[in-house]
Amino acid sequence: MQKSTIQFLLINCLVALVLVSCGSVTKNYTPKKLDKTSYQVPYFTDSKTDYVYKTNITVYGHEISGIFIAKKINDTTHRIVFTTEFGNKLLDFEIAEKTFKVNSIISELDRKILINTLTEDFRLLLKSEYLIQEQFENESYNIYKSADGNRDNYLFISKNGSKFEKVINASKTKEKITLLFSSENNIFAEKIQIIHQNIKLKIELNYFKSE
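Presented here is an overview of the structure given in this document. Only a predicted model underlies this, so the values are computations on that prediction, with no experimental measurement involved.

### Topic: the overall build of the protein
Counting secondary structure elements, the protein contains two helices and 15 strands. Every one of the 211 residues in the protein was classed for burial, and the buried ones make up 39%. Across the protein, the fraction of contacts at a sequence separation of at least 24, relative to all contacts at a separation of at least 6, is 39%.

Written out as structure tokens, the structure reads:
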């Protein structure tokens, strides 16, 4: 009897965990009939434009400021350069959907975990198209779910103006990375925030207006 009771409790705990893992990210969203199978991101798409932002990186209470430059160099690849405000190059990456190349990086930043984290952030930032599997909504947004390896991306498109305002990268159980976009015309993002939920890392990009 005792053994049966323990097994019953274990089974119920496992069911609860499965329900949480499957529904925790979307528990406050309402399922909706899918109205598209892909979404084209409006930002960082013009190969003739250098996207230049003043950048502030906060990691575990320490701040690094500089200039972030992104340029689309072909249909699949962007080049990323991060410099100090005086123009000294800190890192230079080329990032595509499945590959990345480190052209240069200063020794202080040349750490595998840091490179992998920044590559993941920048790849998500510069992603040009999402294939959509499910759709949800809440009061303010249409929300599209797109598979991303062993995680999922949730795209938030405002119902008022149809602006692409947020991406949440999540595992089955919890949110990992949030990208926030502020855009007046849904073509160019004036302000971007990349916020990690599992580590104390935040990257803020503000459009650099040359004088």
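### What about empty space enclosed by the protein?
A full pass over the atoms with the stated rule returns one cavity of 30 Å³ or more. When its volume is computed, the largest cavity comes out at roughly 30 Å³. Residue lining of the largest cavity: Thr55, Ile57, Phe68, Phe82, Phe122 and Ile203, and that is the complete set. Considered class by class, the residues forming the lining of the largest cavity number five nonpolar, one polar and no charged.

### Section: the packing of aromatic side chains
The final tally for this structure, using the stated rule, is 15 aromatic pairs. Ring centres of Tyr39 and Phe164 lie 5.5 Å apart, and the angle between their planes is 50°; on these two criteria the pair is classed as tilted. Of the two residues, Tyr39 sits in strand E2 (residues 38–40) while Phe164 sits in strand E12 (residues 164–170), which places them 125 residues apart along the sequence. Phe164 matches Tyr39 in its accessibility class, with the two residues each being buried.

### Concerning the layout of surface pockets
Using a probe with the size of a water molecule, rolled over the atoms, empty space left in the structure can be pinpointed. Considered as a void within the structure, the largest pocket measures approximately 470 Å³ in volume. Lining of the largest pocket is provided by 19 residues; of these, Glu97, Arg123, Lys127, Asp148 and Gly149 occupy positions nearest its centre. Contributing elements (two or more residues each) for the lining of the largest pocket: helix H2 (112–126), strand E8 (129–131) and strand E10 (141–148). With five residues, H2 is the single largest residue contributor to the lining of the largest pocket. The class makeup of the residues in the lining of the largest pocket is five nonpolar, six polar and eight charged. Approximately 310 Å³ is the volume attributed to the second largest pocket. When residues of the lining of the second largest pocket are traced back to their parent elements, those giving at least two are strand E3 (51–59) and H2. Here the element with the most residues in the lining of the second largest pocket is H2; it accounts for four residues. When the residues that make up the lining of the second largest pocket are grouped by side-chain class, the tally is 12 nonpolar, one polar and one charged.

Conventions and cut-offs
- Residues numbered from 1 in each chain as written.
- Predicted model: local features only at pLDDT ≥ 70, side-chain atom pairs only at ≥ 80, totals over all residues.
- Heavy atoms only, no water.
- Helix = DSSP H or I, 4+ residues; strand = E, 2+ residues; numbered from the N terminus.
- Buried < 20%, exposed > 50% of the residue type's maximum accessible area, 1.4 Å probe, protein only.
- Contact = heavy atoms within 4.5 Å.
- 1 Å grid on protein atoms, 1.4 Å probe; cavity = no way out; pocket = protein on both sides within 12 Å on 5 of 7 lines; lining within 4 Å.
- Points joined across faces, edges and corners; volume = space filled by probe spheres on them.
- Nonpolar A, V, L, I, M, F, W, Y, C, P; charged D, E, K, R; others polar.
- Phe/Tyr/Trp six-rings, centres within 6.5 Å; stacked < 30°, edge-to-face > 60°.

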